[in-house]
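Here is how the chains run, residue by residue.
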Amino acid sequence: MHESALEAARELLTNFAGLPGSEAEAPGRVNLIGEHTDYNGGLVLPAALAQRTAVAVRFSDGSRVRGVSREEGAAESELEAPPGRAWLDYVRGVALELSATHRIPRRGFDVAVAGEVPGGSGLSSSAALEVATALALGAAADRPFRSDEALDLARLCQRAESGFVGVPCGILDPFASLLAREGEAILLDCARMTWEAVPLPTQLELVIVDTGVRRALREGGYKTRREECEQALESSRGVLARTIATLSEIGPHELPALRGALPSVLYRRVRHVVTENRRVHAFANALRHAHLPVAGEALYGSHASLRDDYEVTCDESDLLVEQSRTLPGVVGARMTGAGWGGCTVHLVESDHAQEVLERLQAGFAARFGQVPRAWRTRPGPGARTSG
Ligand code: GLA
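Residues numbered from 1 in each chain as written. Predicted model: local features only at pLDDT ≥ 70, side-chain atom pairs only at ≥ 80, totals over all residues. Heavy atoms only, no water.

## Section: the sheet that holds strand β12 (residues 374–377)
Piece 1. Spatial strand order, β10-β11-β9-β12: four strands in an open sheet with antiparallel pairing. At either margin of the open sheet sits one strand with a lone partner, and together these are β10 (330–336) and β12. Recorded for the sheet is a direction-independent mean angle of 20° between the axes of neighbouring strands.
Piece 2. In this sheet, β12 lies alongside strand β9 (residues 204–210) in antiparallel orientation, the contact comprising four bridges. Across the sheet, V207 pairs through a bridge with R376, a residue of β12.
Piece 3. Along the sheet face, helix α11 (residues 350–368) touches β9, β10, β11 (343–349) and β12 and points at about 145° away from the line of β11. (Pairing = 2+ DSSP bridges. Helix = DSSP H or I, 4+ residues; strand = E, 2+ residues; numbered from the N terminus. Axes fitted to C-alpha atoms, helices over the stretch in contact; angles between N-to-C directions. Contact = heavy atoms within 4.5 Å.)

Below, the structure written as structure tokens:
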């Protein structure tokens, strides 16, 4: 029988610590549209994956954190030791943040992890681990989170990853893992921090294909893009002669003024952000009214902008998206996540989903010599504690 991630984490902890503990699980996420907009005060539209990461914890005496992961093996460290480039860093980062807010005691614990979210593929396995860890630790300390604390918790996970682990990231991933709901994508305004549900029409599915190309965020590209956006913001303020807090406050009508004034690279970064926000709006409205050609245009437009203006796609993701245009039942497609590899997402009519998946795999294999991993999914539920 197929064991759920939660059952696996429970069993691991019981074998390892002698007793069960408190448990939680959190999904990975796929961003449908709105890429590289979260840290620019813009719009994102993620959904939760069906794949989840489960965490079981039990406080122990002393200050050691002892971990066992079904996928990554055992790891052990002092709670307050500096990060050691191990999966346990994500767990310790969250625990240290939670202890700073007095949510949990600052002491050691045993932790077991079982994850279904593929790592390194831009589907936020790290956010799933952080969110599940936070919920499990809160439950273990008898301080469970209320639903109105979800946003604070998402920010806490973001701080753990960017501050302690040292991987720069935005609010998109932990937010989606915590707050997404089954059957829906979630439209988040990252400046106002307000959100609303956008149901995925029931006749549609997501096909996700992993290019297999791995460029970790920490390799620098993501950081460089964020720095370019900072510079672009500073220069745009000068040109537009008004105070703007983020690039998302720039209107499309202001782009011509920026075109000649900013270095070409910075101008194209701004153009991506400004046009991407509009595409998120267009896509969300189109989904609500089942105007599928409009939704598809927004997805393909997003990919083109990420390829030409933001320059974060790669040959593998470009091919998968181009192939989509020729396949029956595909509404639209784009790269998803930070880019430089990772996954593509294809919005597909369910009746055609299996055929689309197989033809994408075959086309990719013909060009790149290997069959990529691919999944069919509908939006899954957000994170939860067990019991
Ligand atoms: C990574 C980050 C997110 C977001 C995306 C790009 O996944 O963790 O916060 O910036 O890249 O949209």
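## Topic: the layout of surface pockets
Piece 1. Put simply, the second largest pocket is a space of about 390 Å³.
Piece 2. If you trace the second largest pocket, you find 22 residues lining it, with S147, A150, L178, L179 and A383 closest to the centre.
Piece 3. If you list the elements that add at least two residues to the lining of the second largest pocket, you get α3 (125–140), α4 (150–165), α5 (172–179), β7 (184–189), β8 (194–199) and β13 (384–385).
Piece 4. Looking at the lining of the second largest pocket, its residues break down into 14 nonpolar, three polar and five charged. (1 Å grid on protein atoms, 1.4 Å probe; cavity = no way out; pocket = protein on both sides within 12 Å on 5 of 7 lines; lining within 4 Å. Points joined across faces, edges and corners; volume = space filled by probe spheres on them. Nonpolar A, V, L, I, M, F, W, Y, C, P; charged D, E, K, R; others polar.)

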